[in-house]
Structures are given as structure tokens and as C-alpha cells.
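Descriptive analysis of the structure
These are the residues of each chain, in order.
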Amino acid sequence: MTQKISFDLKATDGKARTGVISTPRGDIRTPAFMPVGTAATVKAMMPESVRETGADILLGNTYHLMLRPTAERIDRLGGLHQFMNWDRPILTDSGGFQVMSLASLRKLTEKGVTFKSHVDGSKHELTPERSMEIQRLLGSDIVMCFDECPALPADHDRIAESMRLSMRWAERSKEAFGDRPGHALFGIMQGGLEQDLREESAEALKNIGFDGYAVGGLAVGEGQEAMFGCLDYAPDFLPTDKPRYLMGVGKPDDIVGAVARGIDMMDCVLPSRSGRTGQAFTRHGVVNIKNARHQDDPRPLDEDCTCPACRNYSRAYLHHVFKSKEIIQSMLLTWHNLHYFQELMQDMRDAIAAGTFAEFEKNFHAMREKGDIDPL
């Protein structure tokens, strides 16, 4: 593969943007939602089914795959695309967030992080160089820089120290990544909720130079109002001609708000995790299929949805298989949720292209406000 990964910004409407990321493995339409395949699988879904929902790209997890089955084993077996039977683009995160949130006995130094695996207690070291090596072995199309993601809230000095360490690691990641035609490296902006630190981080990343830029360190418990407050300015610090990726987001209203503020790519485990726990996202809000009110309901989850769960099954059936703990419940609700998220992205792409995003956003919130929403 020698084709370079490029971004073509097709249209803007306010700060909202739509475009295409071109890769050797296929185009990624933006705004894009990336289903999460943490351990080389989107839980409860076949890869062909994920593609049928409209997904152009999946996310894989460096931390989990380095521990099990190991990047070296995946490489020997032909790389992550062949291993998981997904021939379209894959983005892999750097492992930094999972080391912070999952690993035990974590020790942070200028070199990197040493930690004990949450799987079996084995000791590992993750550095910018090792993260780049793992992602090269996996063969991912879009590689993320290794960074530290501090938990919020934290004081200004702690966030500044962490951000500047991440910027030094970004420079080392770029050097270790090298020249890899057909693959892209994204830098990750840090800085918590501090505007001056976000701007400093963006300037450092632009000076290094990346194929795309992520807004990291959000969706870590700060709440939607604070996140949107940061997104009101943070994307503006990044180049307009490169993709902007908001990591770990999120709920449908988070996604719409992020796109309105200039974000192009997002990922989250929410559609699949919620599907496994009986929650279905619809244009009217969330349906909790485990609630008794659905046990005699012959209607589909969403009468306007064309996914297999809505075309072929009633709420009563979905309630039954959830209560019976049948595997098909996770399959159907996950398929529905991923379909809904991809339809939401397509609706936003269409609205931005037509110059009607403000009207779309108004209708999106109005539908949810008057909808029949179950308590969570």
C-alpha cells in the first residue's frame, strides 16, 4: 500500500464539518462514529453485521490486545484486519487511557509507564516507542500517539505537567512511527479544562506535525456542560485541513453537540454495552426493554428504524429474550444501537452538506423532549 491517507473537507455549516478521509482500505465519511472492537471484536456482532450498520471504520485497543493475545501473535497471524475479518480501516488507541484506568501498580516516568496487567498480574512497560511498535504489529491504519490521560478534576499545575509530558511523548511517537505510507499518525491534545493549556498543547502538536488531531482527556467524568465548554474553543486551535477526533464520546446528544463544535470523529462502547444491558437508543430517547411495560407491546423499538431488530421483532419478544437471558437479546439490541448511531451520523452529514445543520439540531432535541423515554 503506497496511497497516503488524506482528508477532503467537503462542506461546513457553522462549525459543523463533513468530509472524507481517504485510506487504502476505503473511505471514512465524516462525521464518523467508530464502533469499539476492544479485543478484536465488536461484542455480540459479526464484522459483516457491523458493516451493514454503515460503519466505515472500527477501533481496536492497544492495551487489551498487547496483553491478550499479544501484538506479536496477531502479526504472525497476518495482522489485525485478517485476524478479526475486517477489511476496512481500523484505528488503534495508544493504550494510555487504559493504563491509567485499568492497570494496577502503575509507575510513571519520563520514559513511559510500567504496570501490572489487570488480566494476570504480569508486569509490562509501555513507552511511546513500544506503543508505536505494537500498533505497527497490529497493522492499524490510523495510529494514536502515546499519551498520559490524567483523571479530572486536577489542579492546573498537575494538568500542565501531564500535558507537557504527553507532548514530549508525542514527539517520540512521531519519530518512532517513521515513514509508513498508507498509515496515519494522530496527535492527541491534552490540557484538561484549561484553555491556555489546550492552546499550548495544540501549538506543540502542530509544530511536530500529524496526519490528524485528537481532543483527549474529555469524557472522563467532567460532565457534558464542562465538556462542551472545552469544545467551544479546543477544536478551533487545531488545523482546519486535518481530521479532528474526540476520544471516548459518547451519548447521542454528546455526539450532536461535538459535531456542532467542529469534531469529525468519535468512538464509544456505549451502543454495544447498552445493548447488552437492555437499553436501546431511538430518535425519541432511550428504551429500557427490561421494563415490564414492554412485555405485551407488539410494536417495534422504533417504527421508523430499518434494522433487523425493528423489522422483525416486537418489544414484547425483546423483553422476553432479555428476561430469559438469551444471547439473541444482546445481538439484536447491539445491532439496533449501532444502526441508530450510524443513521445519526448520516443524517448529520446530509444536514451539513445541505446547510441545514441548525434545523437538524433543533429537531433532534425536540424529538427527544417529546418522546416516550424510559427511566434508566
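Now for a look at the structure at hand.

Conventions we followed
- Residues numbered from 1 in each chain as written.
- Predicted model: local features only at pLDDT ≥ 70, side-chain atom pairs only at ≥ 80, totals over all residues.
- Heavy atoms only, no water.
- Helix = DSSP H or I, 4+ residues; strand = E, 2+ residues; numbered from the N terminus.
- Rg over C-alpha atoms; globule rule 2.2 N^0.38 Å.
- Buried < 20%, exposed > 50% of the residue type's maximum accessible area, 1.4 Å probe, protein only.
- Contact = heavy atoms within 4.5 Å.
- Areas by Shrake-Rupley, 256 points an atom, 1.4 Å probe, with all protein chains shown as cover.
- Lys, Arg positive; Asp, Glu negative; His and termini not counted.
- Charge placed at Lys NZ, Arg CZ, Asp CG, Glu CD.
- Pairing = 2+ DSSP bridges.
- Right-handed = clockwise from strand over helix to strand, strands pointing away.

Bringing the overall build of the chain into the picture now. Scanning the chain from terminus to terminus reveals 15 helices and 16 strands. Taken over C-alpha atoms, the radius of gyration comes to 20 Å for the chain, in line with the 21 Å a tight globule of 376 residues would show. Along the first, second and third principal axes, the C-alpha atoms of the chain reach 60 × 45 × 45 Å. Out of the 376 residues belonging to the chain, those deemed buried represent 57%. Restricting the contact set of the chain to residue pairs at least 6 apart, pairs at least 24 apart contribute 67%. Carbon and sulfur atoms form 49% of the exposed surface of the chain, whose accessible area is close to 15,700 Å². In the chain, 45 positive and 53 negative side-chain charges are present, and the distance between their average locations comes to 5 Å.

With that settled, the discussion passes to the pairing of strand S11 (residues 184-189). Regular strands show a simple pattern: their side chains alternate between the two faces of the sheet. Within S11, six of the six residues are buried, which leaves the element mostly enclosed by the surrounding structure. Summarising the sheet, strand S10 (residues 142-144) and S11 pair through three bridges and their orientation is parallel. Bridge pairing links Val143 to Leu185 in S11. Sheet analysis places S11 next to strand S12 (residues 212-215), joined by four bridges and oriented parallel. Its bridge partner being in S12, Phe186 is matched across the sheet by Gly212. In this region the chain leaves S11, passes through helix H8 (residues 195-208) and returns to the parallel neighbour S12; the handedness of that crossover is right-handed.

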